[in-house]
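# Tertiary structure, described
Letter by letter, the chains look like this.
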Amino acid sequence: MFRLELKNISKTFGHFKANDGINLSVSSGEVHAILGENGAGKSTLMKIIFGLYQPDQGGEILINGEKTQIQSPRFAIKLGIGMVHQHFMLVRPFTILQNIILGVEPRNALGMIDYKRARAEVMKLSEEYNFKIDPELKIENISVGMQQRVEILKTLYRNAELIILDEPTAVLTPQEITDFYRIVRNLKARGKTIIIITHKLHEIKEIADSCTIIRKGRYIETVNVSETSEEDLASKMVGRKVDLKIKKEKAHPGDEVLCISALNANNDKGLPAVRNFDLTIRRGEILGLAGIDGNGQSELVEALVGLRKIKSGSVKINGRELVGLTPKQIYENKLAMIPEDRQRRGLVLDFKVKENFVLQTIANAPFSNYGFIITRELDKFANALMERFDIRPRNIELNARNLSGGNQQKIILAREIANNPDVLIAFQPTRGLDVGAIEYIHQELVKLRDAGKAVLLISYELDEIINLSDRIAVIVEGSVTANLDDQTISNEKNIKEHIGLYMAGRGHA
Ligand SMILES: Nc1ncnc2c1ncn2[C@@H]1O[C@H](COP(=O)(O)OP(=O)(O)OP(=O)(O)O)[C@@H](O)[C@H]1O
Ligand SMILES: [Mg+2]
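Every chain is numbered independently, its residues counted from 1 as its sequence is written. For this description, chains carry letters from A and ligands carry numbers from 1, given in the order in which they are written. Given that the model is predicted, a residue must reach a pLDDT of at least 70 before its local features are reported, and side-chain atom pairs must reach 80 or more before they are shown or counted; all residues, however, enter totals for whole chains, interfaces and linings. Side-chain measures were taken over the full set of non-hydrogen atoms in the model, leaving aside hydrogen atoms and water.

What follows concerns the overall build of the protein. Starting at the N terminus, helices and strands are each numbered in turn, a helix being any DSSP run of H or I of at least four residues and a strand any DSSP run of E of at least two. The helix and strand inventory of the protein stands at 18 helices and 22 strands. We compute the radius of gyration from the C-alpha atoms alone; for a globule the expected value is 2.2 Å times N to the 0.38, where N is the number of residues. Against the globule reference of 23 Å for 509 residues, the protein gives a C-alpha radius of gyration of 24 Å, in line with a compact fold. Referenced to the eigenvectors of the C-alpha coordinate spread, the extents of the protein come out at roughly 70 × 50 × 50 Å. For the protein, the residues scored as buried account for 51% of the 509 residues in total. We call two residues in contact whenever any of their non-hydrogen atoms come within 4.5 Å of each other. Within the protein, contacts between residues at least 6 apart in sequence are counted, and of these 67% link residues at least 24 apart. Summing over all exposed atoms, the protein offers an accessible surface of approximately 23000 Å²; the carbon and sulfur share of this is 49%. Think of it this way: Lys and Arg go in the positive column, Asp and Glu in the negative one, and His and the chain ends go nowhere. For this purpose, a charge sits on NZ of Lys, CZ of Arg, CG of Asp or CD of Glu. Positive and negative side-chain charges of the protein, numbering 69 and 65 respectively, have mean locations separated by a distance of 3 Å. Note on classification: 1.4 Å probe, protein chains only; a residue is buried when its accessible area is under 20% of the maximum for its type, exposed when over 50%, partly exposed between these limits. The accessible surface values rely on the Shrake-Rupley method and a 1.4 Å probe; as for residues, cover is taken only from the protein chains in view.

And the structure:
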């Protein structure tokens, strides 16, 4: 008997079928992966299991063999189902403890919240799973990895037996991912059933027992992970053979375009985060900045685009000094950025897709004329980007909020690449994208390079840096500690370990 069984589940939004007759059988105690392209309908399906959406007529949901209707999340929780969403749902000014017990607070005889009991219960769970949380910290002050543990604890506190994790590792650093795997194994060892959505094929191999593949809202098949290769998974998902390697010719670097010298900036706590940072990038090259998360990458990017105060140093694009200019002026000088946090920086979720394409350029020709928006031009531009970047569904009138996570990311990429910057700072550009989309975005970045532009690629994924970069610099504690040229990158056999050592501050430049 299956722990959870879905038969012929469909979900229509307006005229769009996000799920179309999906079957899913999850056994008790297994880790079951869900694989599918951006917009395939994975999150929608999970929201149905968690009672957030009601499926269309004609489908069935069985829990432990019994036919059930999951009317609400409250009811899902009663059935022992918990969910951690793709975008976390924590209350940022609240403490960890307050968030975990929210809505199910234990009360004492007087009807007051019994924090003492709540804290004891939360600490017991935290220790059992080795989560190492401090329940009194506020969400806004803890790392993303910690926030995720809070979300998982929240489901455990509600006695979840079946836990749904929607792209849990997309937002984690490699170090946090290792911890996360440990947590999943631990949950499994304690008899929990896990459904996990991920775009990372090696991750499926690493932690999942079985994997259900869906494509364009339809069920394709369920495979036994130990009998399947990453290539198999990729082609089943996309419906064609996918090349996991990047195709690019040798770079032909031209003039220096971005020149950063002796740059210094503080972090939010007022401590030095970027220290005497030096880097020069030429036209026609992709420079990868490798480093462990938290070594000043976020602060560096913010300083470069005018969102963080620069203490000293210089940033020049095409010889023009940018220090002291506003973010808008910097953008007009053709320095663009794909931000790390797409929901907070990159998009206005309640604006239409087409409006998100022109956030910085709406007042310019051809989109405006004497203050009037030329809808025809805007629509033409927006529709072309939807086509070129395969953003689904092809509806420029939808609010960005209603697009899948990966398609939201594609909107930002499309906008910034289409603006034709001289230098594009790509900060974790492929986070949350499926392998087909990653292949495409990498190709677009190479095209930008071949058109004589420069790309500063910042990623915590060393594989992405090594595969895509023509040159690599390593950042440790806010400074560049090593520079590797294309010869070294392509010829050295243990390049990954080599860079890993630099990143840990132990290599020799
Ligand atoms: N509330 C909604 N209104 C309209 N369309 C929606 C809504 N929610 C989802 N969709 C559409 O349904 C499709 C499936 O979305 P879903 O979020 O399930 O995809 P996904 O497989 O999780 O993708 P990703 O990997 O990018 O997160 C998308 O095309 C999306 O635009
Ligand atoms: Mg999703």
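The structure having been displayed, the exposition proceeds.
Turning our attention to the coordination of the magnesium ion (ligand 2). For Na, K and Ca the donor cutoff is 3.2 Å, while for all other metals N, O and S atoms must lie within 2.8 Å; water is not among the atoms, so some sites may look incomplete. Looking at the metal site, the magnesium ion (ligand 2) is ligated by S43 (OG) and Q86 (OE1), spaced 2.1 to 2.4 Å from it. With S43 in helix α1 (residues 42-49) and Q86 in the loop between β6 (81-84) and α3 (96-101), this pair connects stretches of sequence that are 43 residues apart. For S43, a relative accessible area of 18% puts it in the buried group. Residue class for Q86 comes out buried when judged on its relative accessible area of 14%.

What follows concerns the domain arrangement of the protein. Marked domain ranges trace back to an automatic or database domain assignment. One can read the domain layout of the protein as domain 1 (4-238), domain 2 (254-334 + 423-444 + 453-509) and domain 3 (343-419). Each of domain 1 and domain 2 was reduced to a C-alpha centroid, and the two centroids are 34 Å apart. Across the boundary between the two partners, domain 1 contributes 14 residues, which contact 10 residues of domain 2. A 1.4 Å probe defines the accessible area here, and the buried area is the portion of it lost by two parts on being joined, summed over both. Together, N38, T173 and H199 form the three largest contributors to the area buried by domain 1 at its contact with domain 2, with a combined 37%. For this document, the term salt bridge refers to a Lys or Arg side-chain nitrogen within 4 Å of an Asp or Glu carboxyl oxygen. The interface formed by domain 1 and domain 2 includes one salt bridge. The shortest N-O distance in the salt bridge between K200 and E461 comes to 3.8 Å. N or O atoms within 3.5 Å of each other form a polar contact, as long as, within protein, one can give a hydrogen and the other can take it, and as long as residues adjacent in sequence are counted only when both atoms are side-chain atoms. Counting every contact that joins domain 1 to domain 2 gives three residue pairs in polar contact (both at pLDDT 80 or more). Looking at the side of domain 1 that touches domain 2, the elements with two or more residues in it are α6 (174-189) and α8 (230-238). Residue polarity is assigned by list, with Asp, Glu, Lys and Arg as charged and Ala, Val, Leu, Ile, Met, Phe, Trp, Tyr, Cys and Pro as nonpolar; anything else, Gly included, falls into the polar class. Partitioned by chemical class, the residues of the side of domain 1 that touches domain 2 number six nonpolar, five polar and three charged.

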